[in-house]
Amino acid sequence: MNPNQGRIGQAILAQGLRHEYARYNAGRRSLVIASKLYSKKNRTPDDSDSLANGSNAIYIDKLYSKWSKDPGSVDQSWDAYFSGKPRSISSARQRQPKKRKWQPASVSERPASSATNPAPQADWKYIDDHLVVQAIIRAYQTRGHLAADLDPLGIVGPTGHSPATDDRKLQATRAVLRQHYSYIFNDLNALFKLPKSTLIGGDEEFLPLREILDRLERVYCGHIGVEYMMITSIHKSNWIREQFEKPGVINFKPEEKKLILERLTRSTGFENFLAKKYSSEKRFGLEGCDIMIPVMKEIIDQSNKCGVESVHIGMAHRGRLNVLANVCRKPMKEILSQFHGLRASDWGSGDVKYHLGLFTERLNRQSNKNVRITVVANPSHLEYVNPVVLGKARAEMFHRGDYQGNKVLPMLIHGDASFCGQGVVYESIHMSDLPAYTTHGTIHVVSNNQVGFTTDPRFSRSSRYCTDVARVVNAPIFHVNADDPEACVHCARVAALWRAKFHKDVVIDIVGYRRNGHNEADEPMFTQPLMYQRIRKLKNCTVKYAEKLTRDGVIKMEEYTEMVKKYDNICNEAFEESKKIKTFKNSHWLDSPWSGYFQGRDRLRVCPTGVNLKTLQHIGEIYSSPPPAEHKFEVHKGILRILGLRKNMIKEKIADWSLGEAFAIGTLVKDGIHVRISGQDVERGTFSHRHHVLHHQTKDNVRYNSLQHLYPDQAPYDVCNSSLSECAILGFETGYSMANPNTLVIWEAQFGDFANTAQPIIDTFLASGETKWVRQSGLCMFLPHSMEGMGPEHSSGRIERFLQLSDDDPDCFPDMCDADLVARQLMNTNWIVTNLTTPANLFHALRRQVALGFRKPLINFSPKSVLRHPKARSPFRDFNECSSFQRLIPDTGKAGENPDCVKHLVFCSGKVYYDLLKEREDHEQESTCALVRVEQICPFPYDLILEQIKKYKTAELIWFQEEHKNQGAWSYIQPRFDTTILKMEGESRGINYHGRPPNSASSTGNKVQHYSQYDAIMTGLFGELTEENKKRIKEIKEQEQKAAVQQSEASLAKAKQDKMKEGEKKAGEKKAGEKKAGEKKEGEKKEGEKKEGAKGAPPAPTGNANPPKPSAKAAPAAAAEPPTETSPSPARKSLAAEPPTETSPSPARKSTAPEAPTTAPSPARKPGQGSAPGNKPKLAQKEVTPSDKSNDKREAPKRAADRDNKQDKQDENESAKRLRKSEDEVTPNDPTSSL
């Protein structure tokens, strides 16, 4: 830092006093003005002595003592005050201002400039001083951390400033104070009223400027730098100020200080012992950041006192062994035995000691409560454990019923370089407030070594701090010097209390160093010579703190020596015990034990997955119905149509893909299995096929999920639309699936291609997690996959990658005599890979995930266009108690009935089966080509493949796939087919490949090229279409189009008829209402006439010589009367009898066309029909006059019906146009025309 920069605090203020003092009147700093500006009550000029009370009295007493020795040592205003001389305060300022009612001046009266309207008399400099003081306070609160003393090496951060008169330095720099850096005050001892936005005064309302600056320096520019002013909540900001600003808030009792020292001694002692005993071993020690162990223990202690019962810890390798030993209390002999190179006695490949996890439950001595601590196993991918920990914590919250996070706490330990460098950190943090993913606050602890491997921070990040990523969620960040143990522990305490109170994320940035290189064998002087020159000379934190406590009289140095010796003896005893250990179990390092799940369970027994048809009927009825009427839920019209289609399938006892999935979920929640499906579009499905969550069309945030209302005692079913993240969300669901085996967790990718952004989770947790850490997971991944010309990033879920990661041996043929062959295959592989073609198989696959006696991840490549394919349906009998999952589906058509006639035995998987089915039908090769679907690719169904090969003895064996040759399942199935064929005596056939040639991209994005490739691979198998084939295909299409036109016309006619009936019904109801109202009115009229007659009115004349004229409003009643269902109009009869066509419009359209009104009476208005005899022609003209409101009212139903008919005609025309357009677009070579 440039020492010539401007200075603040005493340095700047002292210089200002020396050079600028003569410019200002000494009386401006008098206490009289302070009392006038800030007192709530009016004071007389003689009331200035009233300030001598409370805390001000102490300050004034000190000034008086100083003045009594040397009057020139204080300001002139104080000299005048103490000597009784008159102060230089103008009488104008002493007088109380007169109160005058304000009135706005007219435009002519307003002054032209401020010169003609001088400002009111006041001490504006003093006001400015107060405003500047408040701005300085806010500057410290906002930016004081920029000048905090955080680096124990003294390399980074402020170096202090020129000393002031009292030889003290201030940390605040121009970056902190900005424009106020050079502001000049006249008197450092002047009192200022503290604003409500700070608590540095404690109970004091006024403080001298010097004291204000000193306290701000201690709070914000000491060993703690607090970032919190980005928080928008005033309540939360004030809470943090209470924890840091109040005087004496960081005040530890002697017992607490001894506890900190003892924990520090254990942390440092463990690393020193390992360095002495295993100097050449990698252990990734914690030296330089030893305080992390006391920090973690303080967080656990405080959280346990606040009610937390379970803590989930995720961390990388640095300091992991220390955490296992001193935080989790793992027996040290077991930790040290890992250095001896022992062989595991149980299954699993194991992992290095600093990657292993742990689960333990122990008594917390500080709270006297039990606490469960889980350290989740983590690969070398550093931060990728974060979402796994969060998902595991969220799952435990669910199973505990802890919906506020009061009992479960996730704590993540980060490195400085990885925290700012790996994107999964942001993906994880930004889930903190998402309803389906929140853990109600996570405590992040950064072990800041100020170096990443060998890279300096200036080359590893663009931000000032490694923790700036946490600002995205407005998490408070506490930067703290690792060599100040009390400051570190105080930050840990505040972080635990913050999380317990607000349930939000919080970050502790422990700024330390790394005493050794990246590992103990590295030479750090190669890349950071200056840094490590300082480190070599630096005492460790424990020794420094012990010396400090000795100076303060808290302990004696002999006590510290005894602490060190005691812990060293513990380590030596454990070391001797570890030598006796000859073997170990991987299961002893398990982080997710499922207590009681495996006891007494036959792992090879597979429970049936079929269900009773009545159960399916019940689930289907609710799933296909809109929300009950009492919900008053407005459903989208398109959803109503979908529900209607589902209802029809239930009646026909057939299920499509959506219904098959719903059956699986519904039956699982009925059995008490919690189901959770997560992904970016899972509520409705990427391809709009699921629609499990319905949204109210007129009310925000009102939703309905019918599968949550199947049974009163069912398990919960959660559908979670996620953020646009694959890596963190998949990691979260992986952790969720680890918590409890009685949960089915599904993660669905928007497209299968997008799973590659989650590859670290797939490779390190799902594919190999059980092998490394004997940790099981039943997670299901749905990866939409098929080649449909949608481009290289919307086509392939990369089947080949998952199959390559499978660990089943391609050269090992299973024992065909094993009765448990299927279950044993599943148990011995690392995961299950499927490419299903029927809804029933999806149903059984999902239920099998829970029915197995163990848990394996399921990777299912789900379809896209097949979701609505008319042939991708399953009858209800495929779901019943006698059904089960089909690993392979044989050909049951003509080819299966006559296997000797088959020339090609085609094995395939997934959506391409339906393409082959269509092409085989078009080429009329149903009897010569057998299509066999391999539904479960891994583990490979050797037994079923063998049966099919034996069945079709003379057929050519073909593997057909739509993917390119270097992709898809070909490279996986080829050696396994060869292994199967080798087991057959006398078999000389081999498996041949049919599909696209090798390519680096997964698919083309050009439709023409896509169809060209499609034609090529299909022609290669079936040959060219003959003329007879083409003619037959054309006839079939014409028949289908004709049937579609007829169906469309019938639907339109039915809709129109329903609409007319609805109009007639409404018109009839309206007429009945009007008739009733007329009768009521007539009755009232007669009643009135009776009352008048009773009063003595003359009797009415008898006879009908002069009949009364009918009312003008009553005449058109018959003319406007709409037809009823019992007597339909000719127009409606013609509509019901003959469906309208566009070329020959029905009479209904002619009869319902609106006619212009005329003055001539219509036939409906003849005398005798709705009007009395003797009506004049003038009255008939009035009936059709538009100004007659009554006539308009009765003609309204007719006009509405005319408008409806006109709209129906337009809809019909549009439908016909769309139909013609679709006919024009369909070509004979279009492979998707049948879809």
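Refer to the structure printed above.
Keep in mind it's a predicted model, so treat the numbers as computed, not measured.

(A) Representation of the overall build of the chain in the model. Counting its regular elements, the chain contains 41 helices and 28 strands. Partitioning the intrachain contacts of the chain with sequence separation of at least 6 by distance along the chain shows that 80% fall at a separation of at least 24. A total of about 59,300 Å² of accessible surface is found on the chain, and carbon and sulfur atoms cover 51% of it.

(B) Examining helix 23 (residues 637-652) more closely. Under the 1.5 Å per step criterion, the end-to-end length of helix 23 is 23 Å for 16 residues, consistent within 8% with the ideal 22 Å. Of the positions making up helix 23, those classed as buried are Ile639, Leu643, Arg646, Met649 and Ile650. Down the axis of helix 23, the smallest arc covering the buried residues is 115 degrees, so these residues share one side. Exposed and facing more than 90 degrees away from the buried side of helix 23 are Lys637, Arg641, Lys651 and Glu652. In this fold, the buried residues of helix 23 make contact with helix 22 (613-623), strand 13 (654-655), helix 24 (657-670) and strand 15 (693-695). Residue Lys653 follows helix 23 closely and has a positive phi angle near 55 degrees.

(C) Seen up close, the sheet that holds strand 14 (residues 674-679). Spatially, 17-14-18-19-21-20-26 is the arrangement adopted by the 7 strands of the open sheet, whose pairing is mixed. For this open sheet the edge positions go to strand 17 (717-721) and strand 26 (936-938), each flanked by a neighbour on one side alone. Adjacent strand axes in the sheet meet at a mean angle of 20 degrees, parallel and antiparallel pairs treated alike. The pairing of strand 20 (residues 832-834) with strand 26 spans 2 bridges and is antiparallel. The residue of strand 26 that forms the bridge with Val833 is Cys938.

(D) Focus on the side chain of Asn880. In this structure, Asn880 sits in the loop between strand 22 (874-875) and strand 23 (888-889). Judged by its relative accessible area of 17%, Asn880 falls in the buried class. Within the local environment of Asn880, its side chain forms a polar contact with the backbone oxygen of Arg877, the two atoms lying 3.1 Å apart. The residues contacting Asn880, other than those within four sequence positions of it, are Gly610, Val611 and Leu613.

(E) Layout of the environment of His636. By secondary structure assignment, the location of His636 is in the loop between helix 22 and helix 23. Taking the C-alpha atoms as reference points, His636 and Gln697, separated by 61 residues in sequence, lie 6.3 Å from one another. At 2.8 Å, the side chain of His636 and the backbone nitrogen of Gly638 are in polar contact.

(F) Summary view of the packing of aromatic side chains. With the rule as written, the count across this model stands at 27 aromatic pairs. Centroid distance Tyr913 to Tyr914: 5.1 Å. Interplanar angle 75 degrees. Geometry classified as edge-to-face. Among the residues examined, Tyr913 registers a relative accessible area of 10% and is labelled buried. On the basis of relative accessibility, which here comes to 5%, the residue Tyr914 falls in the buried class. Geometrically, the ring pair formed by Phe940 and Phe977 is edge-to-face, given 5.6 Å between the ring centres and 70 degrees between the ring planes. With Phe940 in the loop between strand 26 and helix 33 (942-951) and Phe977 in helix 34 (residues 970-982), this pair connects stretches of sequence that are 37 residues apart.

Parameters at a glance
The residue numbering used here restarts from 1 in each chain and proceeds along that chain's sequence as written. In keeping with the predicted nature of the model, local features appear solely for residues at pLDDT of at least 70, side-chain atom pairs appear and are counted solely at 80 or more, and the whole-chain, interface and lining totals rest on all residues. In computing side-chain properties, one takes all heavy atoms of the structure into account and sets aside hydrogens as well as water. Going along the chain from the N terminus, every DSSP run of H or I of four or more residues is numbered as a helix, and every run of E of two or more is numbered as a strand. Only heavy atoms matter for contacts: two residues are in contact if any of them lie within 4.5 Å across the pair. Here, Shrake-Rupley sampling with a 1.4 Å probe gives the accessible areas, and only protein chains in the shown set may cover a residue. For a helix, the expected span equals 1.5 Å multiplied by the number of residues minus one. Each residue's exposure class comes from its accessible area (1.4 Å probe, protein chains only) as a fraction of the maximum for that residue type: buried when under 20%, exposed when over 50%, partly exposed otherwise. Comment: arc refers to directions from the helix axis out to C-beta atoms. In short, DSSP must find at least two bridges between two strands for them to pair. Between N-to-C directions, angles span 0 to 180 degrees; the directions come from axes that are lines fitted to C-alpha atoms, helices contributing only their stretch in contact. For this analysis, a polar contact is any N or O atom pair within 3.5 Å, provided that within protein one partner can donate a hydrogen and the other can accept it, and provided that sequence-adjacent residues contribute only side-chain to side-chain pairs. Note on aromatic contacts: the rings of Phe and Tyr and the six-membered ring of Trp form a pair at centre separations within 6.5 Å, being stacked when their planes are under 30 degrees apart, edge-to-face when over 60 apart, and tilted otherwise.

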